[in-house]
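# Remarks on the overall topology
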Amino acid sequence: MQLIDAFALGESHLPLAELSRRCGLHKTTALRIARTLAQSGYLVQRDDGDWRLGPAAGWLGARYQAGFDVQNVLEPALRALTMASGESAAFYVREGNVRTCLVRVEGPQALRHHARMGEGLPLDRGSPGRVILAFSGEPGDLYETIRRRGFHWSIGEREQGVATISAPVFGKHWRLLGSVCVSGPASRLPQHKLEEMSKTVIAAANQISYELAGNAMPSPTLVRASHWHP
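These numbers were taken from a predicted model, which means no experiment stands behind them. (Residues numbered from 1 in each chain as written. Predicted model: local features only at pLDDT ≥ 70, side-chain atom pairs only at ≥ 80, totals over all residues. Heavy atoms only, no water.)

Turning to empty space enclosed by the protein, a few remarks are in order. Sizing a probe to match a water molecule and rolling it over the atoms shows the empty space that remains. By the definition in use, this model includes 1 cavity of 30 Å³ or more. One number sums up the size of the largest cavity: a volume of about 130 Å³. If you go around the largest cavity, you meet 15 residues; those closest to its centre are R99, G126, R158, V162 and T164. Here the lining of the largest cavity is built from residues that sort into 4 nonpolar, 7 polar and 4 charged. (1 Å grid on protein atoms, 1.4 Å probe; cavity = no way out; pocket = protein on both sides within 12 Å on 5 of 7 lines; lining within 4 Å. Points joined across faces, edges and corners; volume = space filled by probe spheres on them. Nonpolar A, V, L, I, M, F, W, Y, C, P; charged D, E, K, R; others polar.)

Set out below in structure tokens:
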């Protein structure tokens, strides 16, 4: 798993020496593991000797996304939110102590905020993570305020010059699945603009919750720990 995780976003291939260095493994050990992974299609050795991720790794990611019905629910809802807001929209899930972007739809503006899908980001910086923490039962006045109003916005909290607003998404039995987020340059999204956008973001989050829960939304009084899967 360390070998698979050694590939950074945008790196199409790596030599064995670099793989072994990043994983802290001897070359012979790294080669043995790489060949084993190649037998199952998770790695592929190129003609020049370098290694790249194989089709099985892509299929694994596809099955991960399928747990959220990405094609039928998330992408259309985020696309509609992007059109309504004029900014980029994304869906974040919690994985342990970090949040990751599972699906993202870019906004129509030339100047926009870019987020890397799958990258681990802090939960306590930025509105998507704050919302996940709040509806996971995190104590404190800030999180109580987020739970009470049902959304949270932030400006420059994680990344300078970036503004976001987020709302929670739930599954069956009011189980928290993640948060939906609209993001863009702070120059285009000052506080009053973000607050004006709150009803649109909440409506999108509610619609996604409704569809992912199988059209059966229970009472919102129960707060449970956040897990990405339904």
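Packing of helix α2 (residues 16-23) against helix α3 (residues 27-39) brings their axes to within 9 Å, and their N-to-C directions diverge by 105°. Between α2 and α3, the angle falls in the class roughly perpendicular. Of the residues in α3, those in contact with L16, A17 and S20 of α2 are K27, A30 and L31. Taken together, the residues of the contact of α2 with α3 sort by class into 4 nonpolar, 1 polar and 1 charged. (Axes fitted to C-alpha atoms, helices over the stretch in contact; angles between N-to-C directions. Helix = DSSP H or I, 4+ residues; strand = E, 2+ residues; numbered from the N terminus. Parallel < 35°, antiparallel > 145°, perpendicular 65-115°, else oblique. Contact = heavy atoms within 4.5 Å.)

Another aspect to go through is the side chain of S209. When you line up the elements, S209 lands in helix α8 (residues 191-212). Note on S209: relative accessible area 1%, which makes it buried. (Buried < 20%, exposed > 50% of the residue type's maximum accessible area, 1.4 Å probe, protein only.)

As a further point, take the pattern of salt bridges. Considering all chains together, one arrives at 9 salt bridges under this definition. The salt bridge partner of R46 is D48, with a shortest N-O separation of 2.5 Å. The class of D48 is partly exposed, set by a relative accessible area of 48%. Put simply, E11, E18, R21 and R22 are held in one network by salt bridges that share partners. (Salt bridge = Lys/Arg side-chain N within 4 Å of Asp/Glu carboxyl O.)

One way to put it is that helix α6 (residues 127-134) packs onto helix α7 (residues 141-149) with a least axis distance of 9 Å and a crossing angle of 90°. Relative to α7, the element α6 lies roughly perpendicular. Of α7, the residues touching α6 (which contributes R130, V131, L133 and A134) are L142, Y143, I146 and R147. When grouped by side-chain class, the residues that make up the contact of α6 with α7 number 6 nonpolar, no polar and 2 charged.

Attention shifts here to the packing of aromatic side chains. According to the stated counting rule, one finds 2 aromatic pairs in the structure shown. Judged by centre distance (5.8 Å) and plane angle (80°), the rings of F135 and F170 are edge-to-face. Residue F135 is found in the loop between α6 and α7, and its partner F170 is found in strand β7 (residues 162-170); the two are separated by 35 residues along the sequence. Note on F170 and W174: the rings are 4.2 Å apart at their centroids and 15° apart in plane angle, and the pair reads as stacked. Among the residues examined, F170 registers a relative accessible area of 5% and is labelled buried. An aromatic cluster is built from F135, F170 and W174, whose rings are joined through pairwise contacts. Cation over ring: R99 sits above Y92, and NZ or CZ is 4.9 Å from the ring centre. One Lys or Arg, R149, reaches over the ring of F151 and ends 4.7 Å from the middle of that ring. (Phe/Tyr/Trp six-rings, centres within 6.5 Å; stacked < 30°, edge-to-face > 60°. Lys NZ or Arg CZ within 6 Å of the ring centre and 35° of its normal.)

Turning to the environment of P168, a few remarks are in order. As for its placement among the helices and strands, P168 is situated in strand β7. With residues near it in sequence (within four places) discarded, P168 still touches V131, F135, G150, L176, G178, S179, A205 and S209.

Let's shift gears to the nonpolar core. If you look at the biggest cluster of nonpolar residues, it comprises 28 residues, and the most contacted ones within it are L78, F91, I165, V169, V180, V201 and I208. Those elements that place two or more of their residues in this core are α5 (70-85), β3 (88-95), β4 (98-105), β7, β8 (176-185) and α8. Considering each element in turn, this core owes the most residues, 7 residues, to α8. The contacts of V169, once residues within four sequence positions are left out, are F91, R175, L176, L177, G178, S179, V180, A205, I208, S209 and L212. Among the nonpolar cores identified, the runner-up in size contains 16 residues, and A90, L123, A134 and F170 belong to it. (Core = buried A, V, L, I, M, F, W, Y, C linked by side-chain atoms within 4.5 Å.)

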